[in-house]
Amino acid sequence: MRALNLIDTWPAPAPAAVAVGSGGEMARRGPVDSERRWASVTKLVTAYAALIAHERGIASLDEAAGPTGATVRHLLAHASGLPFEGRTPIAAPGRRRIYSNTGFDQLGEVISARNNQSYAAVVADQILAPLRIEARVEGRPSEGLVGTTAGMSRFALELLSPTLISVDIWKAAISVAFPGLPGVLPGVGRFRPLDWGLGFEIRDGKVPHWTGSNNSPSTFGHFGGAGTFLWVDPARQVALCVTTEREYGPWALQFWPELSDAVLAEASNP
C-alpha cells in the first residue's frame, strides 16, 4: 500500500503506521514494533474493559459512577459534567459534552472494583493477552498505555469485528450516546453537536477533523496527545493506526487527513 509512504514526508520523527482490513493487516510502514505512548488512545481500551464488565454482568452501563446523578454511560460518553481534569463537576450530567481525563480515570476505578483486580491486571488479562497486543499499562486509565503500533492494529482489528464483546453492545458503543450535546474536541474545535459513543468519538460531519474527508460519518476512534491515532471505518471495513514521536499539534490536522484519504482510496482501488 503506497499510501503509507506519505508518513515519510511528515514533520515528525520516526512515524509508524499500520492499515487494517476485515481480513487482517493490509500494510505497515515505519518502526511498528517500537514502543510508544498511546496517550488518549488508551481511552478506547478502558472503554472496552467497561463494556466487557457490562456484558459479564459484574457492572452496568447505567449504574451510578462519578459525580452525583452520573452513570458509567455518562463517563464513557464524556457527559458526566466532569472537567478535563479534576473531580468537581462543572455541569449537570447529560447537559454538555466535556472531554474528561478524570472521567476515564474514574471508569478505571469502577473496572478495578468490579473485577477485584487492579485496572492494569484487568486490561492485561481481558484485552491485551487475548488479542496478543504488545502493550502495558504505565499510568492512568485515561492515557497510560505504552505499546507498539502493531499491537494497536490488533485492537483495531477487534474493533472492526468484535470477539470480546457481542455485536449488540459493539453497535451500542459506536452509536451516539446522549445525542445533540455541544462540546469542544480538544485541539480541534467546538462542535454542535460533538457526537460521541461509549468511549469512541464518532466522526459524523465534523469539519475540521483529524480523520479524512472521505471517511464515512460512521467512522469512530480516538487520537492522543503523543501524536497517535486509531480510527475504524465500519462502512469501508478499513482501520488505520499511527504513532509518532511528536506531540499532537496543528501539524497533525494538516497531515493526518491526507493519509487517511489516501489509505481509503487505495483500499477501495487496490
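1. Considering the packing of aromatic side chains
Phase 1: Following the criterion strictly, the structure yields 12 aromatic pairs and no others.
Phase 2: Look at Tyr48 and Phe155: their rings are 5.3 Å apart centre to centre, the planes differ by 85°, and that puts the pair in the edge-to-face class. Taken together, the residues span a long stretch of sequence, with Tyr48 in helix H1 (residues 42–55) and Phe155 in helix H5 (residues 149–160) at a distance of 107 residues. Pair check on accessibility: Tyr48 and Phe155 agree, each one buried.
Phase 3: Between Phe200 and Phe220, the ring centres sit 5.4 Å apart and the planes meet at 85°, which makes this aromatic pair edge-to-face. Taken together, the residues Phe200 in the loop between strand E7 (189–191) and strand E8 (201–202) and Phe220 in strand E9 (residues 220–224) connect sequence positions 20 residues apart.
Phase 4: On the basis of relative accessibility, which here comes to 2%, the residue Phe200 falls in the buried class.
Phase 5: Within the aromatic cluster, the residues linked to one another by ring pairs are Trp10, Trp210, Phe223, Phe229, Tyr248, Trp251 and Trp256.

2. Some remarks on the side chain of Thr102
Phase 1: For Thr102, the location among the structural elements is in helix H3 (residues 101–115).
Phase 2: Since its relative accessible area comes to 6%, Thr102 is described here as buried.
Phase 3: Excluding anything up to four places from it in sequence, Thr102 contacts Leu82, Pro83, Phe84, Glu85, Gly86, Arg87 and Arg140.

3. Comments concerning the sheet that holds strand E1 (residues 16–21)
Phase 1: Pairing is antiparallel in the open sheet, where six strands are placed in the order E2-E1-E11-E10-E9-E8. Whereas interior strands pair on both sides, the edge strands pair on one side only; in this sheet they are strand E2 (24–29) and E8.
Phase 2: Direction of pairing for E8 relative to E9: antiparallel, over a ladder of two bridges. By the bridge assignment for E9, Glu201 is matched with Gly221.

4. A closer look at the pairing of E2
Phase 1: The pairing of E1 with E2 spans five bridges and is antiparallel. Looking at E2, one finds that Val20 is bridged to Glu25.
Phase 2: Between E1 and E2, which pair antiparallel one after the other, the connecting turn spans two residues.

5. Remarks on the pairing of E9
Phase 1: Most of E9 is tucked away, with five of its five residues classed as buried.
Phase 2: Across the two faces of E9 the burial is the same, with Phe220, His222 and Gly224 and Gly221 and Phe223 all buried.
Phase 3: Here E9 runs beside strand E10 (residues 228–233); their pairing, made up of five bridges, is antiparallel. When the bridges of E10 are listed, Phe223 appears paired with Phe229.
Phase 4: Linking E9 back to E10 in an antiparallel pair, the connection comprises three residues, with Gly227 at a positive phi of about 80°.

6. Section: the sheet that holds strand E5 (residues 145–148)
Phase 1: Strands sit in the order E3-E5-E4 across an open sheet of three strands; the sheet is antiparallel. Each of the sheet's edge strands pairs with one partner strand only, and the pair in question is strand E3 (35–37) and strand E4 (135–137). Neighbour-to-neighbour, the strand axes of this sheet turn through a mean angle of 20°, independent of strand direction.
Phase 2: In the sheet, E3 pairs with E5 via three bridges, with the strands oriented antiparallel. When the bridges of E5 are listed, Arg37 appears paired with Val146.
Phase 3: The strands touched by helix H4 (residues 119–131) within the sheet are E4 and E5, with E4 carrying the most contacts at an inclination of about 155°.

7. Regarding unusual backbone geometry
Phase 1: Cis geometry is adopted by the peptide bond preceding Pro193, which originates at Arg192 and carries an omega value of 5°.
Phase 2: Residue Val207 is joined to Pro208 through a cis peptide bond whose omega torsion reads -5°.
Phase 3: Among the structural elements, Pro208 can be located in the loop between E8 and E9.
Phase 4: Positioned with a positive phi, His78 is a non-glycine residue whose angle comes to about 55°.
Phase 5: With respect to the secondary-structure elements, His78 resides in the loop between helix H2 (72–76) and H3.
Phase 6: Of note in this structure, Phe178 is not a glycine but carries a positive phi near 55°.
Phase 7: Within the secondary structure, Phe178 is located in the loop between helix H6 (167–173) and strand E6 (183–185).
Phase 8: Given a relative accessible area of 23%, Phe178 falls into the partly exposed group.

Rules behind the numbers
- Residues numbered from 1 in each chain as written.
- Predicted model: local features only at pLDDT ≥ 70, side-chain atom pairs only at ≥ 80, totals over all residues.
- Heavy atoms only, no water.
- Phe/Tyr/Trp six-rings, centres within 6.5 Å; stacked < 30°, edge-to-face > 60°.
- Helix = DSSP H or I, 4+ residues; strand = E, 2+ residues; numbered from the N terminus.
- Buried < 20%, exposed > 50% of the residue type's maximum accessible area, 1.4 Å probe, protein only.
- Contact = heavy atoms within 4.5 Å.
- Pairing = 2+ DSSP bridges.
- Axes fitted to C-alpha atoms, helices over the stretch in contact; angles between N-to-C directions.

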